[in-house]
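Structural characterization, general
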Amino acid sequence: MTAVSANRRWRYLPQYLAIAPFFVLFAIFGVYPVVYSLWLSFQRWNGVSEMKFVGLENFRFLLTDTAFWDSIGNTLIIWVMSTIPMLVLSMLVALGLNSSVRHKGFLRVAYFLPNVTSIVAMSLVFGSFFSSEFGVLNWFLGLLGVDPVQWLTDPWAIRVAISLMIIWRWTGYNAIILLAGLQALPQDVYEAAKLDGAGPVQTFFRVTLPLLRPVLLFSVVMSAIGGLQIFTESQILLGDRGGPEGAGMTMVLYFYNTAFADNDFGYGAAIAWGIFVVVVLFSILNWRLVQRPARGNGGDR
Amino acid sequence: MTRTSPGTLLTYGALVVGALITLFPYYQLAVMASNTTADIYSSPPRFWFGGHLFENIGEVFAKVDFFGSVLNTLVVAIATTLLVLFFDSLAAFTFAKYDFPGSNVLFGLLLATFVVPTQLAAIPQFDLMAKFGLVGSLNALIIPAAANAFGIFWMRQYARGAIADELLEAARVDGAGFFRTYLSVGLPVLRPALAFLGIFTFVNAWNDYLWPLVVLIDSNHTTLQVALSQLNGLYVQDYAVVMAGTLVAIVPLVIVFLIGARHFIRNIAAGAVKG
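The rules behind the values
- Residues numbered from 1 in each chain as written.
- Chains lettered and ligands numbered in written order.
- Predicted model: local features only at pLDDT ≥ 70, side-chain atom pairs only at ≥ 80, totals over all residues.
- Helix = DSSP H or I, 4+ residues; strand = E, 2+ residues; numbered from the N terminus.
- Rg over C-alpha atoms; globule rule 2.2 N^0.38 Å.
- Buried ≥ 20, exposed ≤ 12 C-beta atoms within 10 Å, placed from the backbone.
- Contact = placed C-beta atoms within 7 Å.
- Nonpolar A, V, L, I, M, F, W, Y, C, P; charged D, E, K, R; others polar.
- Axes fitted to C-alpha atoms, helices over the stretch in contact; angles between N-to-C directions.
- Parallel < 35°, antiparallel > 145°, perpendicular 65-115°, else oblique.
- Left-handed = near helix turned anticlockwise from the far one by under 90°.
- pLDDT = per-residue confidence, 0-100.

**Thoughts on the overall build of chain B**
The secondary structure content of chain B amounts to 15 helices and zero strands. Taken over the C-alpha trace, chain B has a radius of gyration of 23 Å; the compact-globule value for 275 residues is 19 Å, which it surpasses by more than 25%. Along the three orthogonal principal directions, the C-alpha set of chain B runs to about 75 × 70 × 35 Å. Here chain B, with 275 residues, has 43% of them falling under the buried criterion. Long-range contacts, defined as pairs at least 24 residues apart, comprise 74% of the intrachain contacts of chain B with a sequence gap of at least 6.

Quick look at the structure:
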């Protein structure tokens, strides 16, 4: 009897050992740090001297910290300014690649390449493009008769500059995703639309777009997850303080600054929890916004 | 038979223009890296290669320990990739093909770990590394990244369909144990999935910036991304040199990516549409 149960107990040992590495690493570098960061958010600590318990002081300060609220605002502004044009461009590229053009393989790789290229490296390259006097961008605008833009000093131009870099990086990625969605659509509905005499534009808005909804949802959700984490573009282009008037100060850059430039670990932990709350709220909002029209469409049909 | 319509030609033209705009920063990077700083800071801007590429690259290696950074990045990216491929494929194979007490709960737990945001863990992780004496060490980058939920989840999806139960049964009849079965049945079938996850992990490890910036503080060991950032801070005046360093930092990765690009892009697309 004991032999059997002992046998049974050890029977799956290889399987448990096989999955153990991930869970061990996650316990050490995931669970423990999250719990510990909650504890830290009630302390004042610079990482060296003794910790001091301050209760809810950090969170009270967080709620009135205009720098934190501004960083949320900047992040959301940059997210909107980058995501909307990016999705439109991705859709156009995907539609183009879904037609009978040549060299699709090459085009796909060309559009995708920015997504795997180091953000640090490309931020340095774009930094030169944004130079107000010698930059390629102002030179080009000059050809069109537009006055030079102060890309790295004007608060709104800064946000546009960061958004342009995000658009450059993510358009190809999302085009590939949308293209896969387009290719998975059933062909018979298109024949039906053709028989009904629908033109290409009408077909796109009435047939393609509604059918593509789940894939679009994926793109929006992924861009929201990534967009709220924007850090490197700002830090390389504008430095730790996010440039003039902190226009490029994103939530994660503010966190990095507080925790690792100013060594304010207690308040840094509180900011991290603040960001977590923003991410959760934003995800819920995103989800509901995308869910509601879906239900409406279903009712119409 | 296939006559190209004007519409298709127009689409093709637009796509090519879009691709050229997308690739322009790479071209311009090579242009800047091969000119002198004085040439770069001229109006109108230079759009053609100069003859100073090797001179600029030489400056980069003379000014900062760029060679060391390249080596460090290679070590981190290769070690992380090998560990992830081994641990993730082993766990994915197990979750996909074996039913053991608690397997569903544990897999659910694994999925739940996706919601933990990285910055929530960052400060305590830094503190942990300090306690382990790993601040400034490459191990601080490799160890936490050695296995991840994404890879296990993604590879399990693949393994469920790809590994036939008959093969496992045949291996059992032959007297192969669990690990032997993983090696001789699981791994060969998982090869395409390993190729994708390998490139994905390598690219991410190569490009990682925030965590190396935090944990390699005050050290002689930096990765390429941190070295680039430092190069930019120290030699802002010498833009051609910064661009030469940037070029060196992205070329190996672009090559790795181009080798597996078609396969990689197909997998990215398939993952999104299925998920």
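**Thoughts on the overall build of chain A**
Helix and strand counts for chain A stand at 14 helices and two strands. The C-alpha radius of gyration computed for chain A amounts to 25 Å, which surpasses the reference 19 Å derived for 301 residues by more than 25%, pointing to a less compact arrangement than a globule. For chain A, the spread of C-alpha atoms along the principal axes amounts to about 75 × 70 × 40 Å. Classification of the 301 residues of chain A by burial places 39% in the buried group.

**So, the interface of chain B and chain A**
Between chain B and chain A, the contact holds 70 residues from the first and 70 residues from the second. The element contributing the most residues to the side of chain B that touches chain A is helix 1 (residues 6-33) of chain B, with 13 residues. For the side of chain B that touches chain A, a count of residues per class yields 53 nonpolar, 16 polar and one charged.

**Quick notes on unusual backbone geometry**
A negative phi holds for most residues other than glycine; trans holds for most peptide bonds. All names here are of chain A. Within the chain, H103 stands out as a residue other than glycine whose phi angle is a positive 55°. In this structure, H103 sits in the loop between helix 4 (66-97) and helix 5 (104-116). Given 12 C-beta atoms within a 10 Å radius, H103 is considered exposed. Its identity is not glycine, yet N263 carries a phi of approximately 55°, on the positive side.

**What to know about the packing of helix 8 (residues 155-183) of chain A against helix 11 (residues 213-227) of chain A**
Residue and element names in this part refer to chain A. At a minimum axis separation of 9 Å, helix 8 and helix 11 run at an interaxial angle of 155°. The angle between helix 8 and helix 11 places the two elements in the roughly antiparallel class. Considering how the two elements wind past one another, helix 8 and helix 11 form a crossing that is right-handed. Facing W170, N174, I177, L178 and G181 of helix 8, the residues of helix 11 in contact are V215, F218, S219 and S223. Residues of the contact of helix 8 with helix 11, tallied by class, amount to five nonpolar, four polar and no charged.

**Let's talk about the environment of V279(A)**
Here V279(A) is to be found in helix 14 (residues 265-300). Spatially, the C-alpha atom of V279(A) lies 8.7 Å from that of A224(A), the residues being 55 residues apart in sequence.

**Points about the confidence of the model for chain B**
Should pLDDT be low for a region, the predicted coordinates there are not to be read in detail. Of all residues in chain B, 97% have pLDDT values of 70 or greater, and the mean over the chain is 90. Taken together, the chains of this predicted complex give a pTM of 0.91 and an interface ipTM of 0.90.

**Here we look at the environment of G142(A)**
Residues and elements named next belong to chain A. Relative to the elements of secondary structure, G142 occurs in helix 7 (residues 136-143). You can call G142 partly exposed: it has 13 C-beta atoms within 10 Å. Spatially, the C-alpha atom of G142 lies 56 Å from that of A27, the residues being 115 residues apart in sequence.

**With respect to the packing of helix 3 (residues 53-63) of chain B against helix 14 (residues 239-259) of chain B**
Helices that pack against each other are described as a pair by the angle of their axes relative to one another and the distance between those axes. Residues and elements named next belong to chain B. Close contact between helix 3 and helix 14 brings their axes to 8 Å; oriented N to C, the two are set at 85°. Accordingly, the angle class assigned to the pair helix 3 and helix 14 is roughly perpendicular. Residues L53, N56, I57, E59, V60 and K63 of helix 3 touch helix 14, and the partners they reach there are A240, V241, A244, G245 and V248.

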